[in-house]
Amino acid sequence: MYFPAGWPKRVSLALPGESASIRHICCDAVKILVAAVGDDFLGIWYASPLIPIAYFRRSADSMRQYGPNQLVVWKPDSRQLALLTAAGALLLYQLDFDANGSGILLQVDPPAASLKRDSAELFIKENIPRLSLREVCSVTLGSVITAVCCISLSELLLATQSCELLRLQWGQLELAESEEELPALSAIKLRKIPFYVQQQPQQAPARNVPPLGRDSFVASLEYSPFIGGCAAVFSDRRAAFLVASHLKFDTDNMHGFWVPDVEDASVCSVNHKFRLLAYGQESSAVHVYAIDDATGGLEFSHRLMLTENVLPGSLGAVNELKWSPDGCVLAVSWTNGGLSLWSTFGALLMSTLSWDFGLNVDLLRQNPLKLRRLEWSTEGYQLFMLTQKPSPQEGQDQQDKDLSNVLQLQFVKSVLTMNPCMTGNQHILLQGDDCLYLNQGNNLERTYAGSQATFPSSGAGADQAGDDDVLEIKQSPHTGSILTESKYWTVLQLPLNYAATNWPIRYAAIDSDGLHLAVAGRTGLAHYSLLNRRWKLFGNESQEKDFVVSGGLLWWQGFVVMGCYSLLDRTDELRCYPAECKLDNQFGHKLQVRAPVISLNSFRHQLIVLTADGIVSLFNMTKKSAYVLEIDCAYELDVKSICIHPACIVSLTVTNLRNELKPQGQQPAGAEQAETIIVNVCGRILMIQRDSCEQVPNTLLATCLASCVEVFWLSHSLERCAMRDCLWLYSGAHGMRVWLPILPPGRERREGEQGAGAQRLHSFMSKRIMLGFPLKLYPLVVLFDNVIVLGVENESTLYASEQGAHFSLPFAVMERKSQIYLHKVLRQLIKRNLGYSAWEIAQSCRSLPYFPHALELLLHEVLEEEATSKQPIPDAQLPSVLDFIREFPVYLETIVQCARKTEIALWPYLFSMAGKPKELFQLCLQSEQLDTAASYLIILQNLEPSVVSKQYATMLLDIALQQRKWELAKDLIRFLKAIDPNEIDSPRSSMVVNVKIAPPPQVNTQQQVNQNADAFNMVLGPIARERSFSTTVTTNLPKDKQAATPGAAPATETGSAGAPTVVRRRSTKQRETFCIDLILQRHARQLLQNHKLMDLGHMCAYLDFHLVTWLSQEAERAAKLDDFAGALQTLHAELELPSPFPPPGKDDFSQLRGSHRQAGGAGSSQTSESGYFSLATPNGAATQSPQLQPSIKEEEELQEPSSLPVLKTRSGSQLSFDNFRYRRLYSLPASEDDLAVDPLPEKLSIKLRYLLQLFIEANCTDFSLVLSILLQDAASISRIVNGIIRSESVLTCRRTEMALKQLSQSTFEHSGSLYRGFVLTLQPHVYLLEQYIQSLGDIVCASPRDVSTSSDPSGDSGTGLHGLEEEEGDFVPNRTAQQANGNQWTVSDMRPSHQRLTRHASLESNGNVPMASGSSAHSTPTQRQLPRQNSREREGCRVM
C-alpha cells in the first residue's frame, strides 16, 4: 500500500541558528501543523512548505522546576497544546490565530529588474496563517504524570505514577491554579478494577486481589473511540486492554483484559478503522489483536516478526509503533536501528534492513536509521523520524554532531487506501502528495513489441521479397509484458495552478480503459487525458473552492462521479462532470444526499453510496447524452446494525454474486440487476443478499464470509472463464483467498439448464468453496483474464557520494512485480478432489502463453514438498497432479522442464510416478516433440549409462536431420562429442534412490584414496558422475578376481623397453567423430540424391559440414545426374519457382505453325568475340541478356578484338568453330517472350551462387551445370565446358553434351519454357562438344600408335581432372612446371587409352589464330585473361 520514494531528507526543526535535538514531533488532527519539541522550546511548523510559524522558549526557572520537555499533545481543534515534562508536569500552551487573516509570508520582488519573478510558479500561493504561541499554565499533580492522551474534543486522559487514570477537560486546565482546584471528572484506580485473561473472568477471590504490583503504573497509553477503551502498557512490561461499559470513565464501570502471550511489552498503538491493537515487545516482535464482538475481549490476529536479513536478537526492543492516518500501514522501529512497514493484517511492505547502505556501514553496530520517534504527516505522504544522537565517544566529527536528528521520508501510496472502488481497473495507480505514478503493465514493452527490420535490397526483385527477408527483432504476446518486471513509471505532475492551493492529493481515480485520470485535493477537482496529455481545471476558480470531495471518486462511461460537501450551500451532494466538456457547474449534475458520503462504488449502471448516518443508497445511472447523466435512487438500506460506526466500513460494492449458484433456468426475471451487497467491516466480509420476493436486502441475513481482509476484488466482468463469479480476498500475512463456485459435471449441468434442477444428483453438495494460498507480493491489481497478480516492491540504490563521507542514505525506488496464481488455485482444487473444476479452469486458460509454466510451477511445488518431506505421506498429491497434467498436450514438456530445474536427488521420486525417462523420450519422438526429447537426453545422461544417452542422441539426431531442425542437430552433435568415451560402457552411479523408496547406503571412509571406481561411486553417489582421467586401460574387476580369471589379459601391455603401452583417448574420439560424420554423410547423400540443395546448404552452414571435401568424394557417385531436366524441375519445385517446362497449350499445331513463321523473319543470335552471347532485339540493337547481368565486369575483361573460344590440346593445337557454320545450322528464333525472364530474388541468387562455387570447387560438373542454368549464367557454363574439355575425359564430354541436348530438347518441346532464350546461347557449347568428341574419335582410330607412343612434354599444359581449377588459377597449383621435364606422371596419363588425349590430336582451324607448336607458353589473349578473371570471380562469390 505504502512505498517510499527518493532519499530520506534531513530537516531542521530547531530554533533558527541552533542545532538542538528534537525530542518529539506531533501533528494536529488535520495534519497541517507540526509541533516540534526540544529540551527547552516548542516550535510550530507548517507542513507544506515546511516553514516555521511560531516558537516558544521556556525560562531557566521553568527548566529547573519541571525538567526538560518530553512529549506534546494537540487539542483536536488545533488551538491548544499540552506538553509533558520529565518531572511529570503538564504545561498548557495557547495557539492564537491572527484576526486580520494575513499570511506569514510577504512576497516582495527586489528592485532589480533581472531578479524579478516573471513566472507564477515562483510565487507561493498557499496562505500560511500567522500564529502566536503563549504559555497558559502549568499543572502539577500529587503524582508524576506518565502518559497523556486525548479522548474527545474537550477531554484529556492522564496516567499517573500512582496507577491512576484521571479524566480532565481542557478548559479546566487553564482555570486551575493548584492541584486542589483541579477537579477531575473521574479518577480511575486501576488496582481496583477487574482484569480478565483470555476473555474468561477470573474467579471471585482474584477480583479482590489486584493483579498489579505496588510499583506498577501505566507507561504508554492510547485511546480509540471505536473500541471504547485504551491500549495500555504498564511499567512492569505487561500489556492490557482497558475498556469501559459506557462513556463515563470511572472505576465501577471499567474492566481490563490482560493481553495473552505478551509479557515483555514496550509500546502500544491502536488502529481506529480496523479496530486493532498492536503491542510491541522487547523480543523485536509485534502482536496484533482484534476486538471480539461477541465477548468484547481480545482475539489474536497476527504477529509481525522480521526474519529476513536479520540476525536473531539483533534488532532490540520495539521502541515505536505508528499507524498511518488511513489505518492501512503500521510503521515499526527498533532500538538498535531499522524501520519497517507492514500492512494492516501483517504483510511486509518495506524494511530498511534490506537496503544497500554501502560497505562502510555496519548495520549491527551503528545503524544510520536508529530511530526514537515516528510521526506521520499530511495524508501519510511523509514520515518524520527522530534519530538517536550518537554518544560523545561515538561521535567522530563535530559536523556530525551538529546535524539535525530529524529525517523526513517521502511516500507514495496506492489509490486503494483512500478510494477502494478502484479495484475494478487493471492499471497500477499510485498517488503522491502532488503527483501520480502510473504503470499500465505494457506501456514500455508495447513500444518495442512486434518490431521488424527488412534487409536493404536494390535492383530487380526488391519488391518481391518474401518472409525470409524479414528479421524479427521481438515478437511477444500482448500479455507477455505483464510478466516482466518494470521500473518504468509514467509520472504525472499536478498542474501548479491546482496544486498550489489544493495540496495534497486526497483521492485519485482512473477509468477502465486507462485513458482518463481524476484527482481531488483539499478542494475542487481536476482530470487528465492520456490521449492529448492535457489537464482540465475549473475555469472559474471560485467554483473550485466551493466544494470538497469526500467519500470517493470514480469514472463511469465518460463521467467522473464523486461524493462531496458544498461549502457554499453547506450540503452533502453527489456530483457528476463529463470528461469531454470543460469543468464547470453548468455541465455538471448535482444530487443532494442526507449525510456526508463515506464511500461509493459502481456496478454496471448502478451506484452504491454509503453515508455517515449508516444508510446505504443504491442509485440507477442513465446516460442521456455525452453531457447529460441522470441519477435516480432505487432503494436505501440501513447498515448500522452490522457495524459499530459507519466509519468502520472499509469498502463496499454491489454485485449479482450469490451464495448459491442457481441454474440459468431458475434465475428470476431481474437477474441482471444487482442483488447482493458486499461490505468490508473492520476486515470482515459481510454478504447481504436480496431475496427474490423482497425488494430490499435484509441486513439480518448478512453472512460473514471471511475475516482479516484488507482488499477484495470481484471477477464478474469475465465472460468465458470458469473463474468469472469469484470473490478474491487479500488478508495480509494470511495470504490470498478466493471464493469460487464449484462447477458440476457436464451432464448434471446440462440437466440443470434444461430445467431438471430438482433431479440433479448430489444436490446436497456445497456450491462454493474458499481456497487460500500465499503470495510473495502485495496485490494491487488482479488480472482475472490473465490469472496474474500485479504489485509493487521497494528497492534501494546507493549513489556515489563525496569521498570523505562515510555514510550516504540510499535512494528508494519502486518496481512493478507480477505473480501467477493459476497453479495455486489448481493445487487446492486437486487436493480437495475437485479435479473437474480444476480442469475447467485450466481449459479456459490454455490459450495463455505461460500456461505450460503454470503447470510446471504446480508440479514443482508438489514435488519439492513431498520429496523433501521426512514424514511419510499416505495421501501423496503428486500422482493426482501428474494425472491432471496428462490431460494437456504439454505433459512431456512440463515433466522435463520441472526435472531440469530440480535437484537430481528428487528425480527418482518424480520419475517413479511420471514414468521412465526412456519411455517419455519415445513418446516425444512419436509426437514429434524433438526439442522436448532433446531435454530428456540430459535426464538420461544422469540416470542411465552413457551408451544409452549416446544411442538415443544418435536416434534423435537422425530424426532432426530428416525434419531439418538444424539448430537442434547442432546441439546434438555437440552433446555427442562431449560424451566421455571412457564412460560408454560404465554403469551410471549418479542414480539416487530416494529415502521414500529405499534407505541410503552406509558409506565407510578410508584413510587412503582407493583408485577403484566403485569406491568413488559409493562416496560421491548422488551427485558425481564418474569420469576417468587415466590414460591407461584398466579393468573394473578386483585384483583377486583378475588373478583367478584364466586366460585374462594383463591390464597393460609391456613393450620391448618394459614400459606400459599407453592407449590414447584420441583414437576413441576419432571413432566417435567418424560415427557422427557417417550420419551426416548419409543424410547429405539423401539430400543430394533428392536434389535438396537448399537443405544441403543449410546443413553445411549450421553443422560445420565440410561440403567440398565430401562432394569431391561423391563426384562419381551421388553427385552424378541421369536426368538433368528432371533435376532442374525438382530444384524449381524446392525453391518455389515457376515450372521450367510448363505443359503445352490446347492448340499445339497453331503454336508450331506460328513458330515457323517467326523462324523465317526473326534475326539469329549473335556471338561476341569474348565467348558470351547477345540476342538481337527487333530494332537491331544488341541487348545483353538478363542472365549476364551479374557478370558485366567479367565480360569487359574477356573482350578482345580477335579472340574466339579457343581450346588447347596436348600438341598445342587450337580448336575453334566456324561462327558462320554455327549460325547456319543452329539458329533459332529469339522472341521477346524468351528474353522476358524474371530474375531470381537477390537473397536466393546469393545462396545459389555460393552453392555453385562449392560444386565447381568439388569438380561436380553435373550439379554445376544445373545450377548455372538455373542462374542463367553463361560465363559459368563456358568455364565448366572448357574445364571438361581440358579434363580429357571422353565420357564426361559425352555426358555433358547429352545433358545440354536433353535440356535443349525439353526446352523447345515446351513453348512456354523459362529457359528458351538462355538455351539459345548454349548451342555453341553443344556444337563445340560435338566437334571435340568427333575429332577425338577420328584421332584415336587413325593413329593408335601415335597416341600410345607420344612423349613430347612441351604440349602437356591443360590435363587432369582438375583442369577447371587449373584454369581459374587459385583452385589448385599449376602442374605445368612439374611436368616440364617429362619425368612425372599425371592423373590423366594413368587413364585408359580411350580417355586420353595426345599432342597429335588437332582440329581444322579457321586460320584466325596461329598454332603454338613449341610449348604451352604460347597462348591466346583469352587464355591469358582467364586465370585473372576466374580468380576475381571466386573472390566475388566469397563476398556474397
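Chains are numbered independently. Their residues run from 1 in the order of the written sequence. In keeping with the model being predicted, local features are shown solely for residues with a pLDDT of at least 70 and side-chain atom pairs are shown and tallied solely at 80 or more, while totals for entire chains, interfaces and linings include all residues. Side-chain numbers here rest on the full set of heavy atoms in the structure, without hydrogens or water.

## Re the overall build of the chain
Part 1 of the reasoning: Strands are runs of DSSP state E lasting at least two residues, helices are runs of H or I lasting at least four, and both sets are numbered from the N terminus onward. Tallying secondary structure elements over the chain gives 38 helices and 63 strands in all.
Part 2 of the reasoning: Here the chain holds 1440 residues, and 51% of them are scored as buried.
Part 3 of the reasoning: Every accessible area reported is derived by Shrake-Rupley at a probe size of 1.4 Å, with residue values counting cover from the shown protein chains alone. Surface accessibility of the chain: about 67600 Å² in total, with carbon and sulfur atoms responsible for 50%. Burial status follows relative accessibility: with a 1.4 Å probe on protein chains alone, a residue under 20% of its type maximum counts as buried, one over 50% as exposed, and anything between as partly exposed.

## So, the pairing of strand 46 (residues 615-623)
Part 1 of the reasoning: The criterion for strand pairing is that DSSP finds at least two bridges linking the strands in question. Here strand 45 (residues 606-611) runs beside strand 46; their pairing, made up of five bridges, is antiparallel. Following the sheet pairing, Leu607 is matched in strand 46 by Phe619.
Part 2 of the reasoning: In this structure, strand 46 lies alongside strand 47 (residues 629-638), joined through nine bridges in antiparallel fashion. Within the sheet, the bridge partner assigned to Asn620 lies in strand 47 and is Asp632.
Part 3 of the reasoning: Linking two consecutive strands that pair antiparallel, namely strand 46 and strand 47, is a turn of five residues.

## Regarding the sheet that holds strand 50 (residues 684-689)
Part 1 of the reasoning: Taken together, four strands build an open sheet; the order of strands is 48-49-50-51 and the sheet is antiparallel. The strands lining the two open edges of the sheet, one partner per strand, are strand 48 (649-655) and strand 51 (703-706). If you compare each strand with its neighbour and ignore which way they point, the axes differ by 25° on average.
Part 2 of the reasoning: Bridge count between strand 48 and strand 49 (residues 676-681): six bridges; the pairing is antiparallel. Each residue of the ladder has a partner; that of Ile649, found in strand 49, is Val681. Between N-to-C directions, angles span 0 to 180 degrees; the directions come from axes that are lines fitted to C-alpha atoms, helices contributing only their stretch in contact.

## A short note on the sheet that holds strand 47
Part 1 of the reasoning: Spatially, four strands are ordered 44-45-46-47 in an open sheet, and the strand pairing comes out antiparallel. Unpaired on one side and paired on the other, strand 44 (597-603) and strand 47 mark the two borders of the sheet. On average, each strand axis in the sheet is inclined to that of its neighbour by 20°, with strand direction left out of account.

## Thoughts on the pattern of salt bridges
Part 1 of the reasoning: We define a salt bridge as a contact between a side-chain nitrogen of Lys or Arg and a carboxyl oxygen of Asp or Glu at a distance within 4 Å. One pass over the full model with this rule turns up 36 salt bridges.
Part 2 of the reasoning: A salt bridge links Lys75 to Asp77; the nearest nitrogen and oxygen atoms lie 3.8 Å apart.
Part 3 of the reasoning: When its relative accessible area of 16% is taken as the criterion, Lys75 is described as buried.
Part 4 of the reasoning: Take Asp77: its relative accessible area is 37%, and that puts it in the partly exposed class.
Part 5 of the reasoning: Note that Lys640 is salt-bridged to Asp638, the shortest N-O span being 3.0 Å.

## Structural notes on the side chain of Glu320
Part 1 of the reasoning: Among the secondary structure elements, Glu320 is positioned in strand 24 (residues 318-323).
Part 2 of the reasoning: A polar atom in the side chain of Glu320 sits 3.4 Å from the backbone nitrogen of Leu374.
Part 3 of the reasoning: Not counting the four nearest positions on each side in its chain, Glu320 is found in contact with Val267, Ala331, Val332, Ser333, Arg372, Arg373 and Leu374. Any pair of N or O atoms that falls within 3.5 Å is considered a polar contact. Within protein, one atom must be able to donate a hydrogen and the other to accept it, and sequence-neighbouring residues count only if both atoms are side-chain atoms. A contact between two residues is defined here by any heavy atoms of the two lying within 4.5 Å.

## Some words on the packing of aromatic side chains
Part 1 of the reasoning: Two aromatic rings from Phe, Tyr or Trp, using only the six-membered ring of Trp, form a pair when their centres are within 6.5 Å; if the ring planes differ by under 30 degrees the pair is stacked, by over 60 it is edge-to-face, and anything between is tilted. Evaluation of the coordinates by the stated rule reveals 29 aromatic pairs.
Part 2 of the reasoning: Relative to Phe784, the ring of Trp728 has its centre 5.9 Å away and its plane inclined at 45°; by these criteria the two rings are tilted. Here Trp728 is found in strand 53 (residues 727-730), whereas its partner Phe784 is found in the loop between strand 56 (779-783) and strand 57 (788-797), with 56 residues between them in sequence. Considered together, Trp728 and Phe784 belong to a single accessibility category, that of buried residues.
Part 3 of the reasoning: Among the aromatic residues, those joined into a cluster by ring pairs are Trp728, Phe773, Phe784 and Tyr821.
Part 4 of the reasoning: Here, a charge over a ring means that NZ of Lys or CZ of Arg falls within 6 Å of the ring centre while also lying within 35 degrees of the ring normal. Between the NZ or CZ atom of Arg238 and the centre of the ring of Trp258, over which it lies, the distance is 3.8 Å.
Part 5 of the reasoning: Of note, Arg768 hangs over the ring of Trp739, and the distance from its end group to the ring centre comes to 4.7 Å.

## Regarding the environment of Phe784
Part 1 of the reasoning: Residue classification places Phe784 among the buried positions, given a relative accessible area of 8%.
Part 2 of the reasoning: In this structure, the C-alpha to C-alpha distance between Phe784 and Leu822, residues 38 residues apart in sequence, is 9.9 Å.

## With respect to the packing of helix 23 (residues 1093-1103) against helix 30 (residues 1242-1257)
Part 1 of the reasoning: As a packed pair, helix 23 and helix 30 sit with axes 11 Å apart at the nearest point and diverge in direction by 80°. As the angle between them shows, helix 23 and helix 30 are arranged roughly perpendicular. Seen from helix 23, the contacting residues are Leu1093, Met1094, Leu1096, Gly1097 and His1098; seen from helix 30, they are Leu1244, Lys1247, Leu1248, Leu1251 and Phe1255.
Part 2 of the reasoning: We call Asp, Glu, Lys and Arg charged. Ala, Val, Leu, Ile, Met, Phe, Trp, Tyr, Cys and Pro are nonpolar, and the rest, Gly among them, are polar. Taken together, the residues of the contact of helix 23 with helix 30 break down into seven nonpolar, two polar and one charged. Roughly parallel here means an angle under 35 degrees, roughly antiparallel means over 145, roughly perpendicular means 65 to 115, and every remaining angle is called oblique.

## Here we look at the pairing of strand 26 (residues 339-343)
Part 1 of the reasoning: Here strand 26 lies mainly inside the structure; five of its five residues are buried.
Part 2 of the reasoning: Across the two faces of strand 26 the burial is the same, with Leu339, Leu341 and Ser343 and Ser340 and Trp342 all buried.
Part 3 of the reasoning: With five bridges joining them, strand 25 (residues 329-334) and strand 26 adopt antiparallel strand pairing. Its bridge partner being in strand 26, Val329 is matched across the sheet by Ser343.
Part 4 of the reasoning: As consecutive antiparallel partners, strand 25 and strand 26 are separated by four residues, and within that stretch Gly337 has a phi angle of approximately 110°, a positive value.
Part 5 of the reasoning: When strand 26 meets strand 27 (residues 348-351), the two strands line up antiparallel, connected through three bridges. Bridged to Leu341 within strand 27 is Met350.
Part 6 of the reasoning: Where strand 26 folds back on strand 27, the antiparallel hairpin that results is connected by four residues, among which Gly346 adopts a positive phi of roughly 100°.

## Focus: the confidence of the model for the chain
Part 1 of the reasoning: Per-residue confidence for the chain averages 76 on the pLDDT scale, and 70% of its residues sit at or above 70.
Part 2 of the reasoning: Scored between 0 and 100, pLDDT is the confidence that the predictor attaches to each residue. Low pLDDT, under 50, characterises residues 1146-1236; the predicted model gives this stretch 153 contacts beyond four residues in sequence or across chains.

## Regarding the environment of Pro225
Part 1 of the reasoning: By the element assignment, Pro225 lies in the loop between strand 16 (218-224) and strand 17 (229-234).
Part 2 of the reasoning: Using a relative accessible area of 54% as the deciding quantity, one classes Pro225 as exposed.
Part 3 of the reasoning: Sequence separation of Pro225 and Arg275 is 50 residues, and the distance between their C-alpha atoms is 9.6 Å.

## Quick word on helix 19 (residues 966-978)
Part 1 of the reasoning: Helix span, expected: 1.5 Å multiplied by one less than the number of residues in the helix. Taking 1.5 Å per residue as the helical rise, helix 19 with its 13 residues ought to reach 18 Å, and the 18 Å between its terminal C-alpha atoms agrees with that figure.
Part 2 of the reasoning: Buried within helix 19 we find Trp966, Leu968, Ala969, Leu972, Ile973, Phe975 and Leu976.

## Side note on the state of the cysteines
Part 1 of the reasoning: To count as a disulfide, a pair of cysteine sulfur atoms needs to be within 2.5 Å. Across all of its chains, the model carries zero disulfides by this definition.
Part 2 of the reasoning: The thiol of Cys268 is not disulfide-bonded; the next cysteine sulfur, from Cys230, is found 9.0 Å away.

## Some details on the environment of Leu50
Part 1 of the reasoning: Turning to its location among the elements, Leu50 is positioned in the loop between strand 5 (41-46) and strand 6 (51-57).
Part 2 of the reasoning: Leu50 gets classed as partly exposed once you look at its relative accessible area, which sits at 23%.
Part 3 of the reasoning: Between the alpha carbons of Leu50 and Val11 there is a distance of 9.0 Å; along the sequence they are 39 residues apart.
Part 4 of the reasoning: Residues contacting Leu50, with those up to four places away along its chain left out, are Val11, Leu13, Trp45, Phe384 and Gln408.

## What to know about unusual backbone geometry
Part 1 of the reasoning: Between Ser48 and the following residue, Pro49, the backbone shows a cis peptide bond with an omega angle of -5°.
Part 2 of the reasoning: Of note, Pro49 is situated in the loop between strand 5 and strand 6.
Part 3 of the reasoning: Put simply, Trp503 and Pro504 share a cis peptide bond, and its omega is 0°.
Part 4 of the reasoning: Here the phi dihedral of Lys31 falls at roughly 60°; this positive angle occurs in a residue that is not glycine.
Part 5 of the reasoning: Relative to the assigned elements, Lys31 resides in the loop between strand 3 (24-27) and strand 4 (33-37).
Part 6 of the reasoning: Classification of Lys31 by relative accessible area gives buried; the value is 18%.
Part 7 of the reasoning: Within the chain, Asp1104 stands out as a residue other than glycine whose phi angle is a positive 55°.

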